[in-house]
Amino acid sequence: MSWLEPAPFLRGTAWLDGDRPVRADPGDLQRLPWDIAERAALPIGVRVEFTAAPGTRAVELRYRAAVPHPGDELRALRHGFALWQGRRCLAEVFAEPAAESSVRIGLPPRGGEFAVHLPEGQAPVVRGLRPLGGALAPAPRRPRWLVHGDSITEGWWSTRPAHSWPATAGRALGLDPVNLGFAGGARGELPLAEHLARLPGELITLAFGTNCWAAVPCSAPLLYETTRAFVTLVRRGHPGTPLLLLSPVLRPAAERTGNALGATLAELRTAMEEAVRDLVAAGDARLALLPGRPLLGPEDLADGLHPNDRGHRRIAAAVARALRAAGFVGRGTPRAPGRVLPGARGRL
C-alpha cells in the first residue's frame, strides 16, 4: 500500500514549519530568547494517533530524525517508539538510528484506537505511514489543551515522553495536549503569551515560575505584574477559554533562599497566586488557580527540581482533579467561577 500523508494523523501539534512540527510561531521567532527558540524546534508531545481496522497486523512509520553520535551510551534507545492504547503502553520498538528510516510496530489483531509516541529528543519528522494488512484512519479529534510551562511541563526526568504530566493528564481527560513547555524558559516571556493568544485551543494551563527564581531572577512585585500581563495577553485571543494557572511546585533549595533580588521561591509563588486571585476578583470568571506547593514531596523529585515518574503522575492527578472541579472538563458538575483549588495527591 502507498504511504499515507501524516498530517491528518498528527496530534499535539502547535505550528508547522514546512513539514516540521514546531512549538513557537515560526514567523515570530525573532522576539523570543534564543534558548526558547531552540527548544521550540523539538516536537515535544507530538504523537501519531490512528484507528486500525480489525486484522491490521502493524503500522509502519517513515521518518527522518537526528542521529546520536557513536559514543552516546544511550544510542540504542534514542529512536524509540511507544505504542499506547488508552492508558496502557502496549509495546516499545527501538529502531537503529538513521537520518531517514522506517519503523514497524505490531498491532493487536482486534484493532482499535492507538497512539504512537515519538522519540522527541531526536526532532523526528513523520514522512508517512501505512498499514500492513487492514486499514488505518485518523483517530477522532479531541479538544486541544494548550499547556505552557518550563522543563517540568516539557517532561524532564520522566523516563518516557508518554510519562510527562501533560501526556498523562491528557489521556485521563480525553484531551489533545499541546506541550508548550520550554526547558530553562517559561520566565513570563510576553511574546509567548501572544503566541498562545493566536493558537487555537479549548483549554489552557499555565505552569511557570520556578525559572523566575534563578535563571532570570524576579522580585515578587515584578512576577506579580508579569503574571497579570501574561494572562491579559493570552486573554486577547482567548477571552472565554477556561484557563488554569499552576503555581510552582516544590523546589527545596529555593523555598527559603533569596535569589539575586532577594526573593524566595515561596514569595514568588505567593505573588503569582495573588495575581490570579486579583484577576478573578476583577471579573475573570473562567480563570482558576491550582497552588503548586502541596502537590509534591521531596521523594517525588529526581534531582531536587524535576519530578520523577511518580512526581509527574501526581502533578497530572492534581491538574486533572482541578480541571474537573472547576468544571473545565467533564460533565455534570457546574463550574464555580474563580475557583482556588486545593492540591490533590494520588493516582489518576
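Refer to the preceding data block for the structure.
Residues numbered from 1 in each chain as written. Predicted model: local features only at pLDDT ≥ 70, side-chain atom pairs only at ≥ 80, totals over all residues. Heavy atoms only, no water.

**Remarks on a nonpolar patch on the surface**
Turning to step 1, where the next piece is worked out: On the surface, Leu74, Leu77 and Phe94 cluster together to form a nonpolar patch covering roughly 270 Å² of accessible area.
Turning to step 2, where the next piece is worked out: Inspection of the secondary structure assignment puts leucine 77 in helix α2 (residues 75–78).
Turning to step 3, where the next piece is worked out: Here leucine 77 falls in the partly exposed class, since its relative accessible area comes to 49%. (Patch = residues over 30% accessible without salt bridge, like charges linked within 9 Å, V, L, I, M, F, W, Y side chains within 5 Å. Areas by Shrake-Rupley, 256 points an atom, 1.4 Å probe, with all protein chains shown as cover. Salt bridge = Lys/Arg side-chain N within 4 Å of Asp/Glu carboxyl O. Helix = DSSP H or I, 4+ residues; strand = E, 2+ residues; numbered from the N terminus. Buried < 20%, exposed > 50% of the residue type's maximum accessible area, 1.4 Å probe, protein only.)

**Points about the nonpolar core**
Turning to step 1, where the next piece is worked out: Ranked by size, the top nonpolar core spans 38 residues in total, and within it Leu180, Leu206 and Phe230 carry the most contacts.
Turning to step 2, where the next piece is worked out: Taken together, the elements giving at least two residues each to this core come down to α1 (34–40), β13 (176–181), α5 (190–198), β14 (203–207), α6 (220–237), β15 (243–246), α7 (265–281) and β16 (287–290).
Turning to step 3, where the next piece is worked out: Ignoring sequence-local partners within four residues, the contact set of phenylalanine 230 consists of His148, Gly188, Glu189, Leu190, Leu192, Ala193, Leu196, Leu206 and Phe208.
Turning to step 4, where the next piece is worked out: Counting 28 residues, the second largest nonpolar core, distinct from the first, contains Trp165, Ala316, Leu323 and Val329. (Core = buried A, V, L, I, M, F, W, Y, C linked by side-chain atoms within 4.5 Å. Contact = heavy atoms within 4.5 Å.)

**A word on the sheet that holds strand β10 (residues 125–132)**
Turning to step 1, where the next piece is worked out: On the basis of which strands lie adjacent, the open sheet formed by three strands has the order β8-β5-β10 and antiparallel pairing. Across the chains shown, the open sheet's two edge strands, defined by having one partner strand only, are β8 (100–106) and β10. Each strand of the sheet is rotated relative to its neighbour by a mean of 20°, with strand direction disregarded.
Turning to step 2, where the next piece is worked out: Of the pairings in the sheet, the one linking strand β5 (residues 58–64) to β10 comprises seven bridges and is antiparallel in character. Bridging from a neighbouring strand, leucine 61 pairs with leucine 129 of β10. (Pairing = 2+ DSSP bridges. Axes fitted to C-alpha atoms, helices over the stretch in contact; angles between N-to-C directions.)

**Notes on the pattern of salt bridges**
Turning to step 1, where the next piece is worked out: Overall, the coordinates contain 24 salt bridges when judged by the stated rule.
Turning to step 2, where the next piece is worked out: Note that arginine 127 and aspartate 19 form a salt bridge whose closest N and O atoms lie 3.9 Å from each other. Of the two residues, arginine 127 sits in strand β10 while aspartate 19 sits in the loop between β2 (15–17) and β3 (20–22), which places them 108 residues apart along the sequence.
Turning to step 3, where the next piece is worked out: Relative accessible area serves as the criterion here: at 37%, aspartate 19 is assigned to the partly exposed category.
Turning to step 4, where the next piece is worked out: We note a salt bridge from arginine 127 to glutamate 100, for which the minimum N-O separation is 3.6 Å. Linking arginine 127 in strand β10 with glutamate 100 in strand β8, this pair joins segments that are 27 residues apart in sequence.
Turning to step 5, where the next piece is worked out: One network of salt bridges, in which partners are shared, links Asp25, Asp28, Arg31, Glu194 and Arg198.

**So, the pairing of β15**
Turning to step 1, where the next piece is worked out: Burial along β15 is two-sided: the face carrying Leu243 and Leu245 and the face carrying Leu244 and Leu246 are both buried.
Turning to step 2, where the next piece is worked out: The parallel pair β14 and β15, bridged by α6, forms a crossover whose chirality is right-handed.
Turning to step 3, where the next piece is worked out: In terms of strand pairing, β15 meets β16 through four bridges, oriented parallel. Paired with leucine 245 across the strands is leucine 289, a residue of β16. (Right-handed = clockwise from strand over helix to strand, strands pointing away.)

**Thoughts on the packing of aromatic side chains**
Turning to step 1, where the next piece is worked out: Inspection of the entire model under this criterion finds four aromatic pairs.
Turning to step 2, where the next piece is worked out: Here the aromatic rings of phenylalanine 50 and phenylalanine 114 are separated by 5.7 Å at their centres, their planes lie at 35°, and the arrangement is tilted. Linking phenylalanine 50 in strand β4 (residues 47–52) with phenylalanine 114 in strand β9 (residues 112–117), this pair joins segments that are 64 residues apart in sequence.
Turning to step 3, where the next piece is worked out: Given the relative accessible area of 2%, phenylalanine 114 is considered buried.
Turning to step 4, where the next piece is worked out: The ring of tryptophan 3 has arginine 62 sitting right over it, with the charged end atom 5.2 Å from the ring centre.
Turning to step 5, where the next piece is worked out: A cation sits over an aromatic face here: arginine 171 above tryptophan 84, 4.0 Å from the ring centre. (Phe/Tyr/Trp six-rings, centres within 6.5 Å; stacked < 30°, edge-to-face > 60°. Lys NZ or Arg CZ within 6 Å of the ring centre and 35° of its normal.)

**Some remarks on the packing of helix α4 (residues 165–173) against helix α8 (residues 309–325)**
Turning to step 1, where the next piece is worked out: At a minimum axis distance of 8 Å, the contact between α4 and α8 shows a crossing angle of 45°. Viewed along their axes, α4 and α8 adopt a mutual orientation that is oblique. In the packing of α4 onto α8, the handedness of the crossing is right-handed. Between α4, through Trp165, Thr168, Ala169, Ala172 and Leu173, and α8, the contact on the second element is made entirely by His312, Ile315, Ala316, Val319, Ala320, Leu323 and Arg324.
Turning to step 2, where the next piece is worked out: Across the contact of α4 with α8, the residue classes tally to nine nonpolar, two polar and one charged. (Parallel < 35°, antiparallel > 145°, perpendicular 65-115°, else oblique. Left-handed = near helix turned anticlockwise from the far one by under 90°. Nonpolar A, V, L, I, M, F, W, Y, C, P; charged D, E, K, R; others polar.)

**Details of unusual backbone geometry**
Turning to step 1, where the next piece is worked out: Not every positive phi belongs to a glycine, and tryptophan 157 is a case in point at roughly 70°.
Turning to step 2, where the next piece is worked out: Following the sequence through the fold, tryptophan 157 ends up in the loop between α3 (151–154) and α4.

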